[in-house]
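# Geometric and topological summary
What follows is the residue order along each chain.
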Amino acid sequence: MQPFALNYARPAAELEFATPYAYDSGLQLNVLLDGRVAARDHALLRELGTTTSTAGSKTHFDD
């Protein structure tokens, strides 16, 4: 018997875009190109939903 969800599951689409922030190991936060903390940019958070850290685990989010 095949689980119901497998009939409808699709692979996630790969989106290619450059993130407007980078990880700063000194601050241990994601920062924007101008040096501001990415998690404090409300427009960015509305657009992306979160600023996932690329430094380690993909389940860790900046506060």
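Anyway, here's the lowdown on the structure attached to this text. For clarity, every value in this text was computed on a predicted model and none was experimentally measured.

### Overview of the pattern of salt bridges
- Counting across every chain of the model gives 2 salt bridges.
- Salt-bridge contacts for Arg-36 lead to Asp-34; the nearest nitrogen and oxygen are separated by 2.9 Å.
- What makes Arg-36 partly exposed here is its relative accessible area of 44%.
- Residue Asp-34 is classed as exposed on the basis of its relative accessible area of 55%.
- Among the ionic pairs, Asp-41 bridges to Arg-36, the shortest N-O distance being 3.6 Å.
- One salt-bridge network, held together by shared partners, links Asp-34, Arg-36 and Asp-41.

Conventions and cut-offs
Residues numbered from 1 in each chain as written. Predicted model: local features only at pLDDT ≥ 70, side-chain atom pairs only at ≥ 80, totals over all residues. Heavy atoms only, no water. Salt bridge = Lys/Arg side-chain N within 4 Å of Asp/Glu carboxyl O. Buried < 20%, exposed > 50% of the residue type's maximum accessible area, 1.4 Å probe, protein only.

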